[in-house]
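One-letter residues, chain by chain:
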Amino acid sequence: MTHRLGILLSGEGTTAEAVMKAKIPGIEIACVISSTQKANGIQRALANGIPPEDVLVVNPREFPDKKIFGENLIRAMDDRNVTAFFQLGWLAQTPEDVTKEFEGFNLHPAHPKFGGKGMYGIYPQRAVLLFAHNVQRVFPFTQATIHRVTPEIDKGAVVDREYVNILPSDTPKDLQERVHWHEPELVIRFLRTFVAGKI
């Protein structure tokens, strides 16, 4: 079975670009949707051959409420025959109607316990290192995770993960960069498993 994947992003789009370049058998990129016109991921999508009509901005701030935002997301993906979507640096909260209509996955740069509203970018790594400091022990690792998208942020079941070492000298920025380096490999591995029907 071929899955038509919708990629949702809000920022640089480096992991999304890695997925596009990987050309995974059984995965077609149906569209790339950004929550903001300012996302560099838009240009990365166009540079990697995604047709301009399939690179869209659906900004939640442009709609009066979450329901109408969700309706526009659903319409954008339905019009392109999306079968599943992947949030790769997507900062908007995905409305419940979208999660009911499509199977969705989210990449998170830590365990979901270090997730929720506002926990993106460097903030999860700050939380991981602060927690390790407060309990006065060094964690040997953190993890990048992929979980199912639910109406609550970062509350879905974890379906794949990649463990990443924490070094004693790590700053949040160090850890953020190390985790980010592993994320494309994790997502590509997961999508291959997904295509094989093993999720």
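This paragraph deals with the layout of surface pockets. Of the voids in this model, the largest pocket is the one considered here, and its volume is about 990 Å³. Taken together, 39 residues form the lining of the largest pocket, with Gly89, Trp90, Leu91, Tyr120 and Gly121 sitting closest to its centre. Looking at the lining of the largest pocket, the elements with two or more residues in it are helix 1 (14-22), strand 5 (103-108) and helix 6 (172-195). The element best represented in the lining of the largest pocket is helix 6, accounting for 6 residues. Its residues placed into classes, the lining of the largest pocket shows 13 nonpolar, 19 polar and 7 charged. Computed from the structure, the second largest pocket encloses a volume of approximately 340 Å³. Looking at the second largest pocket, it is lined by 15 residues, and the ones nearest its centre are Ser35, Pro60, Arg61, Leu91 and Ala92.

The next thing to look at is the packing of aromatic side chains. A full pass over the atoms with the stated rule returns 9 aromatic pairs. Measuring from centroid to centroid gives 6.1 Å for Phe86 and Phe105, while their planes differ by 50°, and the two rings are tilted. Of this pair, Phe86 sits in strand 4 (residues 84-87) while Phe105 is found in strand 5, placing the two residues 19 residues apart along the sequence. Note on Phe105 and Phe194: the rings are 5.2 Å apart at their centroids and 70° apart in plane angle, and the pair reads as edge-to-face. Taken together, the positions of Phe105 in strand 5 and Phe194 in helix 6 put the pair 89 residues apart, joining distant regions of the chain. Looking at Phe105, the relative accessible area reads 1%, which means it is buried. With a relative accessible area of 7%, Phe194 lands in the buried category. Three or more aromatic residues joined by ring pairs make a cluster, and in this case those are Phe86, Phe105, Phe190 and Phe194.

The next thing to look at is the nonpolar core. Membership of the largest hydrophobic core comes to 36 residues, with the highest contact counts inside it found for Ile7, Phe86, Leu88, Ile146, Val187 and Leu191. With residues up to four places along the chain from it excluded, the contact list for Val187 reads Thr15, Val19, Phe86, Leu88, Leu107 and Ile146. Among the nonpolar cores identified, the runner-up in size contains 19 residues, and Ile33, Val58, Val82 and Phe85 belong to it.

Time to look at the pattern of salt bridges. Within the structure shown, the criterion is met by 11 salt bridges. Residue Arg178 pairs with Asp170 through a salt bridge whose shortest N-O separation is 2.7 Å.

On to helix 1. For helix 1, the complete set of buried residues consists of Thr15, Ala16, Glu17, Ala18, Val19 and Met20. On its buried face, helix 1 is in contact with strand 1 (3-9), strand 2 (27-34), helix 2 (41-47), strand 5 and helix 6. In the segment just after helix 1, Lys23 is the residue with positive phi, at about 45°.

The rules behind each value
Residues numbered from 1 in each chain as written. Predicted model: local features only at pLDDT ≥ 70, side-chain atom pairs only at ≥ 80, totals over all residues. Heavy atoms only, no water. 1 Å grid on protein atoms, 1.4 Å probe; cavity = no way out; pocket = protein on both sides within 12 Å on 5 of 7 lines; lining within 4 Å. Points joined across faces, edges and corners; volume = space filled by probe spheres on them. Helix = DSSP H or I, 4+ residues; strand = E, 2+ residues; numbered from the N terminus. Nonpolar A, V, L, I, M, F, W, Y, C, P; charged D, E, K, R; others polar. Phe/Tyr/Trp six-rings, centres within 6.5 Å; stacked < 30°, edge-to-face > 60°. Buried < 20%, exposed > 50% of the residue type's maximum accessible area, 1.4 Å probe, protein only. Core = buried A, V, L, I, M, F, W, Y, C linked by side-chain atoms within 4.5 Å. Contact = heavy atoms within 4.5 Å. Salt bridge = Lys/Arg side-chain N within 4 Å of Asp/Glu carboxyl O.

Remember that the coordinates give geometry; whether it matters functionally is a separate question.
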